[in-house]
Each structure stands twice: as structure tokens, then as C-alpha cells.
Amino acid sequence: MPSAPGSEPPRRVRVVDSHTEGEPTRVVIDGGPELGPGSLAARRERLRTDHDRFRRALVTEPRGTDGMVGALLCPPDDPTHATGIVFFNNVGYLGMCGHGTIGVVTTLAHLGRLAPGRATVGTPVGAVATELNADGSVSFWNVPSYRHRTGIRLDVPGYGPVTGDVAWGGNWFFLLEGAPVPLRVSSARELTDYCRAVRSALVRDGVTGADRAPIDHVELSGPPERSENDARNFVLCPGDAYDRSPCGTGTSAKMACLVADRRLAPGARWRQEGILGGVFEGSAEALPVGIRPRITGSAFVTGESTLVFDPRDPLREGVGGT
């Protein structure tokens, strides 16, 4: 991004916006920074250390919102893959993003770059197989997911004791059954405050994922609002934005816990409602450790645009975030 006002022409970045069951994805298709060679994990770190202003400019105000996830398309590190992807949000970077993967595949199909059928995409945490279905929905087989710890008890100030699980679904989650208020959009502020308090208690008590990885997602589960579904969730993401979709990595972590508890049989269907009522349909293939989740959902393109970064604009690099 330009670092100071001057006489150079505005920078232009082409993007395609979509939403997956209500959660927005902004895919960068031209004009992003060059991240050089190496693994996608290494290129994610290069984006973080050398081009973080680009992330902030794309997904925070005035061009974005706190709930928006960005996806920078990169040359894959495996030539058989359709693309590489680095995901980011209002405060940082994600390992994997389920709704974002559905959004990327839908975007590539919209651009004529992907035909119905199977394709593999690369992410910083591993390869993800996808399928563009005949009805326009997208399925993806997530990275192996597993429950790391169970029965973790926390004393949450203002709420009392809670017990939950730590699980990996491409990001680290702390999963709880139940909530102090109904899992509805009208309760989003109260649910956000509760999840923030839980996350603070995790930090206070030193509860982490594997290799001391921070747990940056909190997932609440409750009964569905429609009888054909199995559960409803609320997921607080890094940056304190809640996921409008049923959360692909969160649904993966949830199914890993259900299979570990023998509450979900491998291959059985799991229909997960999000806070807006959208649904991801999932199933789990048993692995020696954990599961391989398969998740299906739908995304819809909402716009194609060229973002302009005028060097005279004092807010060209975005506001908020870190």
C-alpha cells in the first residue's frame, strides 16, 4: 500500500464479493501483493510481516466490515491444485476458513475459472478437496479435525463455572453446550460478551490448543430452530466478530467432538444451523486420530468491483483492527 500521499496514481485492486449463508468473503483476483515462493504457510507469514496494511485496507472500514473475511488467491504450492488461498480478517490471519472456501469456489465458478466437479485448493494448514455440485452448492473435505482436550472447567467472571472441549477444525475452538441467552441475532451483543469472557478465562488459566496455540474461536451450541436440523451455533471469531454462517471450521470441530463422544456415527449426516438460520450439512469420515469432515453449503456472488487506493486519502489503509 502507498505509505504517504504523493503524486503517484491510485492503486487498484480487483475483488469479487460473496456471502456464504450470510457470512461475507472478499476474494482478491488482481492487484494483491506478490508473496514470492514457498509454502502457503510461509507466504501467509510474508503477508503478515510485509503487507499487513493490505489486509487492513481490504476488510476494515471504510471498504469492509468487521465480519468480512478476505481471501488472497496465490499460485498453489502443488501444481495439481486449482489455487492457493491465504485467508484473513479484521485483526489477522486464519489457517483455514470453511465459509471462505465455499465463497472462493463459487467465485472461481462465477469467473469461469472452475467447472462443476472436484478440485483441490491449498491453504496454510493443508490441502482441501472441494466439489462444485450441479445445484451450485459447494462441498469441501476439510483438513483432519480432532478433539484435543475434553471436560475443561472454567470459572467465568459474571457467569460462573462452565465446562467445554478444545478442538481443532482448521482453527482452534473452545466449544460449549448452551448459552446464557437464546442463540438468536437479537442476542448477538450478549452472546459476544459471554464468549469474550470465556476467551479471557481461557487465557487466564493457560488453556491452549496443541503446541500452546492460542484458542481464538469460541463456539456455543444449542437446539435448532427447525426440526430438520440437528443444532444451532454461535461462533465468536478473532477480532470479536461473530460468524453469520454456521462456520465450516467450527462445524468440523463440533463433529470431531460428537464422534469422539459417540454421539455422531461416521458417515451420518449432521445439519448445523448458524445464527442467521443458514445450514451447513456435514458428515465425518473416521481417521486413526479424529475425523475428515465433509461440509456442504452455498454461497452467492454479491458484487465485482475495483477498489481504489488514492494516495491522498488518509484512510486508504483502513481503520480499526490491528
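Everything that follows concerns the structure shown earlier in this document.
The rules behind the values
- Residues numbered from 1 in each chain as written.
- Predicted model: local features only at pLDDT ≥ 70, side-chain atom pairs only at ≥ 80, totals over all residues.
- Heavy atoms only, no water.
- Helix = DSSP H or I, 4+ residues; strand = E, 2+ residues; numbered from the N terminus.
- Polar contact = N/O pair within 3.5 Å; in protein donor to acceptor, adjacent residues only side chain to side chain.
- 1 Å grid on protein atoms, 1.4 Å probe; cavity = no way out; pocket = protein on both sides within 12 Å on 5 of 7 lines; lining within 4 Å.
- Points joined across faces, edges and corners; volume = space filled by probe spheres on them.
- Buried < 20%, exposed > 50% of the residue type's maximum accessible area, 1.4 Å probe, protein only.
- Salt bridge = Lys/Arg side-chain N within 4 Å of Asp/Glu carboxyl O.

### Brief notes about the side chain of Arg-55
Counting through the fold element by element, Arg-55 comes out in helix α2 (residues 52-59). A distance of 2.8 Å separates polar atoms of two side chains, one belonging to Arg-55 and the other to Asp-52.

### What about empty space enclosed by the protein?
Here the structure, examined in full by the defined rule, presents one cavity of 30 Å³ or more. As a volume, the largest cavity reaches approximately 150 Å³. Together, 22 residues line the largest cavity, and Glu-23, Val-69, Leu-94, Cys-237 and Asp-243 are the ones closest to its centre.

### Let's talk about unusual backbone geometry
Omega for the peptide link from Glu-61 to Pro-62 comes to 10°, which places this bond in the cis form. Secondary-structure assignment places Pro-62 in the loop between α2 and β3 (69-74). For Asp-211, which is not glycine, the phi torsion reads 55° and is therefore positive. Along the chain, Asp-211 falls in the loop between α4 (188-204) and β12 (217-222). For Asp-211, a relative accessible area of 81% translates into the label exposed. One non-glycine residue, Asp-240, adopts positive backbone phi at about 70°.

### Side note on the pattern of salt bridges
Summed over the entire model, instances satisfying the criterion amount to 20 salt bridges. With its nearest N and O atoms 3.7 Å apart, the salt bridge here joins Arg-44 to Glu-45. On the basis of relative accessibility, which here comes to 33%, the residue Glu-45 falls in the partly exposed class. The partner of Arg-147 in a salt bridge is Asp-261, and the shortest N-O contact between them spans 2.9 Å. Taken as a pair, Arg-147 in strand β9 (residues 146-156) and Asp-261 in the loop between α5 (248-260) and β14 (270-273) lie far apart in primary sequence, 114 residues in all. Since its relative accessible area comes to 21%, Arg-147 is described here as partly exposed. One continuous salt-bridge network, built from bridges that share partners, spans Arg-184, Glu-225, Arg-232 and Glu-273.

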